[in-house]
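# Geometric and topological summary
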Amino acid sequence: WRVLARSPNHAATRLIALVYGVQLFFNALWSIVFFGLMNPLWGLLVVVCLEASVIAMVLVFARFDRFAAASQLPYVAWVAFASLLNLAIVLLN
């Protein structure tokens, strides 16, 4: 909400919605692939895409609201941790 409230124009609003939507898509997809399909290797690919999309979201958010961007940093750390766990599962299996 903070980022959208500071969006100066329609193009910026679309960019904000796009990066948010992409990370949300990869977030949902990871659970489906890793848990639903029980495929840690493909889950690793998805979680790397998720991490990249979350970082992109933080960078876009920072252009409009630094607090909103900073509030996403724990999410970046959490996804990085999940990525390491996913990698460990792939390597150990």
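Scroll up a little and you will see the structure.
Report on the accompanying structure. As the structure is a computational prediction, the values presented were derived from the model and not from experiment. (Residues numbered from 1 in each chain as written. Predicted model: local features only at pLDDT ≥ 70, side-chain atom pairs only at ≥ 80, totals over all residues. Heavy atoms only, no water.)

## So, the pattern of salt bridges
Under the definition given, this model contains 2 salt bridges. A salt bridge links Asp-65 to Arg-2; the nearest nitrogen and oxygen atoms lie 2.9 Å apart. One end of the pair, Asp-65, is in the loop between helix H3 (40-64) and helix H4 (66-70); the other, Arg-2, is in helix H1 (residues 2-5), and 63 residues separate them in sequence. The class of Asp-65 is buried, set by a relative accessible area of 4%. The partly exposed category is assigned to Arg-2, whose relative accessible area is 32%. For Arg-6, the salt bridge is made with Asp-65, and the minimal N-O distance between the two is 3.1 Å. Linking Arg-6 in the loop between H1 and helix H2 (10-36) with Asp-65 in the loop between H3 and H4, this pair joins segments that are 59 residues apart in sequence. Judged by its relative accessible area of 41%, Arg-6 falls in the partly exposed class. Several salt bridges share partner residues, and in doing so they unite Arg-2, Arg-6 and Asp-65 into one network. (Salt bridge = Lys/Arg side-chain N within 4 Å of Asp/Glu carboxyl O. Helix = DSSP H or I, 4+ residues; strand = E, 2+ residues; numbered from the N terminus. Buried < 20%, exposed > 50% of the residue type's maximum accessible area, 1.4 Å probe, protein only.)

## Some details on the nonpolar core
Residues Leu-50 and Phe-61 are the most contacted members of the largest nonpolar core, which totals 23 residues. Elements represented by at least two residues in this core include exactly H2, H3, H4 and helix H5 (73-92). Element by element, the count of residues in this core is highest for H3, at 10 residues. (Core = buried A, V, L, I, M, F, W, Y, C linked by side-chain atoms within 4.5 Å.)

## Overview of the packing of H2 against H5
The contact between H2 and H5 brings their axes to 13 Å, and the two run at 25°. By the angle class used here, H2 and H5 are roughly parallel. Of the two elements, H2 crosses H5, and the hand of that crossing is left-handed. Packed against H2, whose contacting residues are Gln-23, Asn-27, Trp-30 and Phe-34, the element H5 presents Tyr-75, Asn-86 and Ile-89 at the interface. Per-class residue counts for the contact of H2 with H5 are 4 nonpolar, 3 polar and no charged. (Axes fitted to C-alpha atoms, helices over the stretch in contact; angles between N-to-C directions. Parallel < 35°, antiparallel > 145°, perpendicular 65-115°, else oblique. Left-handed = near helix turned anticlockwise from the far one by under 90°. Contact = heavy atoms within 4.5 Å. Nonpolar A, V, L, I, M, F, W, Y, C, P; charged D, E, K, R; others polar.)

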